[in-house]
Amino acid sequence: MQEIAVESQPLTQLTYGLVEVQDLSVCFTDKSQNINTVVDKINFTVEPGSFVCLLGPSGCGKSTVLNTIAGFIKPTKGKILVDEQAVTKPGADRGFVFQQYSLLPWKTVFQNVEFGLRIKGIAKAKRQELVAEYLNRVGLYNRRDSFPHQLSGGMKQRASIVRALINSPSVLLMDEPFSALDAQTRHMMQELLMEIWQDFKTTVIFVTHDIEEAVLLGDRILVMGVNPGHIKEDIAIDLKRPRHIDDTLTPEFIQISRQVLATIREETLKSMEC
Ligand SMILES: Nc1ncnc2c1ncn2[C@@H]1O[C@H](COP(=O)(O)OP(=O)(O)OP(=O)(O)O)[C@@H](O)[C@H]1O
């Protein structure tokens with residue numbers, strides 16, 4: 001593989017990361033040729049460097065919207081623009097972290113994180129320097145030679161996050177990345193993600209159905225409604241940063257969470273009716 005030298009990339013590099021979702025509709029056709037409109041006429045813009053949560057009841061289409069931004073699903077109508085370029089397929093400008101760990105099981109932590117840099121043809125010495133820097137950032141350098149099955153769930157997700165971030169994506173797409181973790185590990189991961197995001201200033205679009213998680217992490221919460229999936233409310237979270245788990249106990253936090261709960265409760269009931 002041809003190797004090229006690159007300039008050192010500081011951890012604090014500011015990427016662009018403007019995401020525009022314009023009149024997005026996604027339909028799936030089942031075996032009997034019935035057309036199911038999963039999300040309809042979705043419009044929103046995510047400003048560069050902001051952290052937006054997509055929140056809604058199960059089945060409202062959160063993952064479908066995220067997968068369309070990732071380029072895994074093609075819009076039936078409408079379009080997605082990332083940094084003013086139309087999304088037609090997956091690309092290195094969009095990093096993805098799934099609920100189920102996206103690490104390659106036959107590669108070590110180091111090799112998993114290094115993978116994208118190898119594909120780009122970055123020189124070995126530079127790869128080693130960058131991977132060490134990123135693994136140190138999430139406290140995984142000492143586990144660099146471990147395989148994924150030798151790691152805890154939290155460690156796997158830390159590795160998955162730096163695996164995505166090391167490629168300097170304009171936007172990081174996260175689909176319920178902490179939902180499989182126990183409560184304590186989830187809280188640690190939420191705090192770590194906020195710290196990393198403050199460093200990197202990458203745009204983050206984060207899917208969750210956990211209200212507390214959305215209020216803690218997001219600059220904005222896009223609450224989705226059902227039948228078909230749509231944006232029901234766009235709620236700005238004006239809580240000061242940096243935020244910490246303890247903030248979830250403050251009156252301001254509880255008040256915002258109640259407001260979000262009231263919005264989402266109606267949709268959850270609707271989703272249970274069908
Ligand atoms: N590839 C597909 N083919 C057919 N139907 C699909 C496909 N992907 C998703 N759906 C349907 O679209 C709807 C929305 O699914 P989606 O996973 O986007 O919702 P969600 O809000 O992320 O749900 P959850 O919170 O449970 O993960 C569901 O009814 C699902 O069955």
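Up top is the structure these notes are about.
Structural notes, computed from the coordinates. Numbering of residues begins from 1 in every chain and follows the order in which that chain's sequence is written. Only residues with pLDDT of 70 or above have their local features reported here, since the model is predicted, and side-chain atom pairs are shown and tallied only from 80 upward, although totals for entire chains, interfaces and linings are computed over all residues. Hydrogens are left out, water is left out, and the side-chain values use all remaining heavy atoms of the structure.

## With respect to the nonpolar core
- The nonpolar core is taken to be a set of buried Ala, Val, Leu, Ile, Met, Phe, Trp, Tyr and Cys residues, with the residues joined through side-chain atoms within 4.5 Å. When a residue's accessible area, from a 1.4 Å probe over protein chains only, is under 20% of the maximum for its type it is buried; when over 50% it is exposed; and in between it is partly exposed. Membership of the largest hydrophobic core comes to 52 residues, with the highest contact counts inside it found for F206, V215, I221 and V260.
- For V215, the contacting residues outside a window of four places in its chain are I221, I237, L239, R243, F253, I256, S257 and V260.
- Listed in part, the 28 residues of the second largest apolar core include F44, L54, I80 and F96. The contact criterion used throughout is that any non-hydrogen atoms of two residues lie within 4.5 Å.

## As for the pairing of strand β6 (residues 94-97)
- Where helices and strands are cited, they refer to DSSP runs of H or I of at least four residues and of E of at least two residues respectively, numbered from the N terminus. The side-chain alternation of β6 yields two buried faces, one formed by R94 and F96 and the other by G95 and V97.
- Strands pair, by our definition, only if DSSP identifies at least two bridges between them. In this structure, β6 lies alongside strand β7 (residues 171-175), joined through four bridges in parallel fashion. Bridge pairing links G95 to L172 in β7.

## Describing unusual backbone geometry
- In this chain, N227 is followed by P228 through a cis amide linkage whose omega measures -10 degrees.
- With respect to the secondary-structure elements, P228 resides in the loop between β9 (220-225) and β10 (230-236).
- Phi at D23 takes a positive value of approximately 50 degrees, unusual for a residue other than glycine.
- Structurally, D23 is set in strand β1 (residues 19-29).
- By relative accessible area, which is 45% here, D23 ends up partly exposed.
- One non-glycine residue, E84, lies in the positive phi region at around 70 degrees.
- Relative to the helices and strands, E84 resides in the loop between β4 (77-82) and β5 (85-86).
- On the basis of relative accessible area, E84 is assigned to the exposed category, the value being 58%.

## Quick notes on the sheet that holds strand β8 (residues 203-208)
- Pairing is mixed in the open sheet, where six strands are placed in the order β6-β7-β8-β3-β9-β10. Edge positions in the sheet fall to β6 and β10, since each of these pairs with one other strand and no more. Adjacent strand axes in the sheet meet at a mean angle of 20 degrees when their direction is disregarded.
- In this analysis an axis means a line fitted to C-alpha atoms, helices contributing only their contacting stretch, and an angle means the value between N-to-C directions, from 0 to 180 degrees. Along the sheet face, helix α1 (residues 62-70) touches β3 (51-55), β6, β7, β8 and β9 and points at about 150 degrees away from the line of β7.

## Quick notes on the pattern of salt bridges
- The term salt bridge refers to a pairing of a side-chain nitrogen on Lys or Arg with a carboxyl oxygen on Asp or Glu at a separation within 4 Å. Scanning all chains against the criterion turns up 10 salt bridges.
- One salt bridge in this structure joins D219 and R241, with 2.9 Å as the shortest N-O distance. Separated by 22 residues along the polypeptide, D219 in the loop between α6 (211-217) and β9 and R241 in the loop between β10 and α7 (251-273) bring together distant segments of the chain.
- Classification of D219 as partly exposed rests on a relative accessible area of 23%.

## Remarks on the site of the ligand
- Close to the ligand lie F28, V38, P57, S58, G59, C60, G61, K62, S63, T64, E176 and H209.
- Between G59 and the ligand, the recorded distance is 2.9 Å, taken from a backbone N or O atom to an oxygen atom.
- By the criterion applied in these results, polar contacts are pairs of N or O atoms within 3.5 Å in which, for protein atoms, one can donate a hydrogen and the other can accept it, and in which residues neighboring in sequence qualify only through two side-chain atoms. A distance of 2.9 Å separates an oxygen atom of the ligand from a polar backbone atom of S63.
- Under the convention used here, a 1.4 Å probe and the Shrake-Rupley method define accessible areas, while residue burial counts only the protein chains that appear. For the ligand, the protein covers 57% of the area, taking 640 Å² as the surface of the free molecule.
- In this classification, Asp, Glu, Lys and Arg are treated as charged, Ala, Val, Leu, Ile, Met, Phe, Trp, Tyr, Cys and Pro as nonpolar, and every other residue, Gly included, as polar. Here the shell around the ligand is built from residues that sort into four nonpolar, six polar and two charged. By convention in this text, a residue qualifies as near a molecule or strand provided that one of its non-hydrogen atoms is within 4 Å of it.

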